[in-house]
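Architecture at a glance
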There are 2 protein chains.
Amino acid sequence: MERTPRIARRMAEIAPFHVMDLLARAQALEAAGRDIVHMEVGEPDFPTPEPVVRAGQQALAAGHTHYTPAAGLPQLREAISGYYADRHGVNVPPERIILTPGASGALQLIMGVVVDPGNRVLLPDPGYPCNPNFVRLVEGEGIPVPVDATSDYQLTPQHLASHWDERTVAAMVGSPSNPTGTLATGEDLRALAGATAQRGGRLIVDEIYQGLVYEGEAPTALGETDEAFVVNSFSKFFGMTGWRLGWVVAPEAYVRELDKLAGNIFLAPPTPAQHAALAAFGDDTRAILEQRRQAFQQRRDFLLPALRELGFRIPGTPRGAFYLYADAGAFSDDSFAFAERVLEGAGVALTPGIDFGRHRAGAHVRFAYTTNLDRLEEGVARLARYLRP
Amino acid sequence: MERTPRIARRMAEIAPFHVMDLLARAQALEAAGRDIVHMEVGEPDFPTPEPVVRAGQQALAAGHTHYTPAAGLPQLREAISGYYADRHGVNVPPERIILTPGASGALQLIMGVVVDPGNRVLLPDPGYPCNPNFVRLVEGEGIPVPVDATSDYQLTPQHLASHWDERTVAAMVGSPSNPTGTLATGEDLRALAGATAQRGGRLIVDEIYQGLVYEGEAPTALGETDEAFVVNSFSKFFGMTGWRLGWVVAPEAYVRELDKLAGNIFLAPPTPAQHAALAAFGDDTRAILEQRRQAFQQRRDFLLPALRELGFRIPGTPRGAFYLYADAGAFSDDSFAFAERVLEGAGVALTPGIDFGRHRAGAHVRFAYTTNLDRLEEGVARLARYLRP
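It should be emphasised that the depicted structure is a prediction, and the values quoted were computed from it without experimental measurement.

Quick notes on the rules
Residues numbered from 1 in each chain as written. Chains lettered and ligands numbered in written order. Predicted model: local features only at pLDDT ≥ 70, side-chain atom pairs only at ≥ 80, totals over all residues. Core = buried A, V, L, I, M, F, W, Y, C linked by C-beta atoms within 7 Å. Buried ≥ 20, exposed ≤ 12 C-beta atoms within 10 Å, placed from the backbone. Contact = placed C-beta atoms within 7 Å. Pairing = 2+ DSSP bridges. Helix = DSSP H or I, 4+ residues; strand = E, 2+ residues; numbered from the N terminus. Axes fitted to C-alpha atoms, helices over the stretch in contact; angles between N-to-C directions. Nonpolar A, V, L, I, M, F, W, Y, C, P; charged D, E, K, R; others polar. Domains from an automatic or database assignment.

Counting 257 residues, the largest nonpolar core has Val248(A), Phe367(A), Val248(B) and Phe367(B) as the members making the most contacts within it. Residues contacting Phe367(A), with those up to four places away along its chain left out, are Met39(A), Leu303(A), Leu307(A), Tyr323(A), Leu324(A), Ala326(A) and Leu350(A).

Encoded structure:
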């Protein structure tokens, strides 16, 4: 006989992703023969670049299947350090770079070493849905701070001034941002680092979409301060989502603690992924990534005006990631119901705003341009027929 | 200017592994030209079996580099279910099997859904050093329960009776055990499941060394109860340490919560590892694993009497894993100092008992037979010269 489960209280506050219900429905429709245009998927449609795949295969052939050090292969930490120097002109010593099982692992480590029970971390709303849950897991509290187009959906020192209290220990930003695709400037990041330091707290910067930018560069916070935690990943720009490999660049004084926690809760990041990633910075891979970046830009340049034409409101020009965060208030103020209707009626899958927070979430949906231009055109045509019959 | 780090209180209670200091010293000695026999390493010396490596390479060639569902590939969950039926004659529905980033990921998920702040989890001392830290990460408390040879170093219902209090929510056992190599019988596991259930708690069983047994089988707790959490892994028996892939079999009522937490904190387990692991249950892989099992048995059969002959006391015959937990009280009651001396003086690396708990830890060291027979013989010869000059 099954017993009643006793479930930790935190789990009641960790919401499932609403988009998973839509995805399940989309798959059911597809199983029944319906064609669905997927504009809800948060990962590149491109497979891992061939030189990276080949490096992974060769590492396996060479028997590189054992544990690495908890902080990752020394030569990969060196390579990432070299990449920061090369691409961003920033000096980041390899000792401050800790490889992790995805950026998710990096966020777990940071919250584990920074957040005591009852501590608060300020987070932009809308923002990446898992962020408050990393804080909650270790008995802290993610505090959503409403942001909008007036600050490019980024936190500002003014937000910190009005939301920071004695329980707050950190503020977190993402640039380029999921779900909005907007960027923080170097000046913004420097100001945020100053504003957190002034309050005795830490800035955490999620840079996992770095490289996926369509006008200029996304500056790294590492060019502005050595005292922030900066999270990055091989998933999005480098096309290695399934390999689960990310990293954190930590202030020097935290490195030992992060390393200790990593050794305990992960043992080490995946070895095949680390060997494969050594090929991620080569010229041949870079050329492939540049082609893909251009493809994403082309998609954005098509999708942004097309959605506006349909009646979605998207302020400014989102300059990075592969998302457009659209005000669908002209159609609905219930983003989940709207996404359901659009899926059933138009055969287009979107992510409802309620997955990214509470602030005007019912009036927003996220479009991902992680499918090719033909499919995006088909999706827009279907939306046009459905929304303006 | 670097600021003083504010570090979460839990980190002061999470100890680094003492063996890492010894390992660093061993590497320094090796870099200076000294030969070291490694008997401290907790992973098989064998690389991943060739059919598994090939499956991983082929999956990469086929472009399987994207995220899988959070709980893992459906076909791998099916395959594991089939393995339980086949090898253990136990029916485990695939829906109850959740793939994780190593057994480490499984332990994180379990503690996340079961442990509220201040809750206690009973753990055998000696035991796997990371276990209390998984509990501590989510603000619970691992309670070490001293065990010894009279119960094969396993927890018993009597231990539960004397250590369980109103804050206790779970008890955890490992079979085969790290560091002792001892096993719990099916009857033991059934009794422990009953004793935890009777107190409204849960039993967590670490079975990651299952398959590495040298007399009979290590029974799975899944044959005794559907209400325990059972952790397993492709790391040790299947030789896939670096791939980082494990699983948890959960009571049905916890599956949804575990899946939700996994989606949030991991996104998904590594994709190449999952495709590779599909080849872990094939006949060709099984034949290789059986050869390796026999090699481990041969090593144990050499090492156990040889160590006793030298003056180490090892009660009974440890029947599983690849460890011997030896009372070195004839030589020292400071296991770290002893391990240091043996490393410097004999060129043999061991793990000090203090890495596994507090109970008579100063008088114990762990020998791992994860190196070949020639090297083990060399290690024993060096110890003989050093300890009985």
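Next up on the list: the sheet that holds strand S8 (residues 246–249) of chain B. Strand-to-strand pairing in sheets goes through backbone hydrogen bonds, with the strands running parallel or antiparallel. All names here are of chain B. The strand order across the open sheet built from 7 strands is S2-S8-S7-S6-S5-S3-S4, with neighbouring strands paired in mixed fashion. On the outer flanks of this sheet lie strand S2 (97–100) and strand S4 (141–146), each paired with one strand and no other. With strand direction ignored, the average angle separating the axes of adjacent strands in the sheet is 25 degrees. In the sheet, strand S5 (residues 168–174) pairs with strand S6 (residues 202–206) via 5 bridges, with the strands oriented parallel. Within the sheet, the bridge partner assigned to alanine 171 lies in S6 and is leucine 203. Packed on one face of the sheet, helix H4 (residues 74–88) meets S2 and S8 and runs near 115 degrees to S2.

What follows deals with the pairing of S8(B). Residues and elements named next belong to chain B. Alternating residues of S8 divide into Gly246 and Val248 and Trp247 and Val249, and every residue in both groups is buried. Pairing of S2 with S8 involves 4 bridges; the strand directions are antiparallel. Across the sheet, threonine 100 pairs through a bridge with glycine 246, a residue of S8. Two strands pair when backbone bridges link them, and strand S7 (residues 229–233) and S8 are joined in this way by 4 bridges, in the antiparallel orientation. What sits directly across from asparagine 232, in S8, is tryptophan 247.

Bringing the interface of chain B and chain A into the picture now. Taken together, the contact between chain B and chain A spans 63 residues of the former and 63 residues of the latter. Looking at the side of chain B that touches chain A, the elements that each hand over two or more residues are helix H3 (50–61), helix H5 (102–114), helix H6 (131–137), helix H9 (255–265) and helix H10 (271–277) of chain B. Looking at side-chain class alone, the side of chain B that touches chain A contains 34 nonpolar, 17 polar and 12 charged residues.

By convention, interface size is frequently given as the accessible area that disappears when the constituent parts associate. Residue and element names in this part refer to chain A. On domain assignment, one finds that chain A holds domain 1 (10–47 + 284–387) and domain 2 (50–281). The straight-line distance from the C-alpha centre of domain 1 to that of domain 2 is 25 Å. Listed per partner, the contact involves 33 residues of domain 1 and 36 residues of domain 2. Taken together, the elements giving at least two residues each to the side of domain 1 that touches domain 2 come down to helix H1 (10–13), helix H11 (283–310) and strand S9 (323–327). If one sorts the elements of the side of domain 1 that touches domain 2 by residue count, H11 sits on top with 7 residues.

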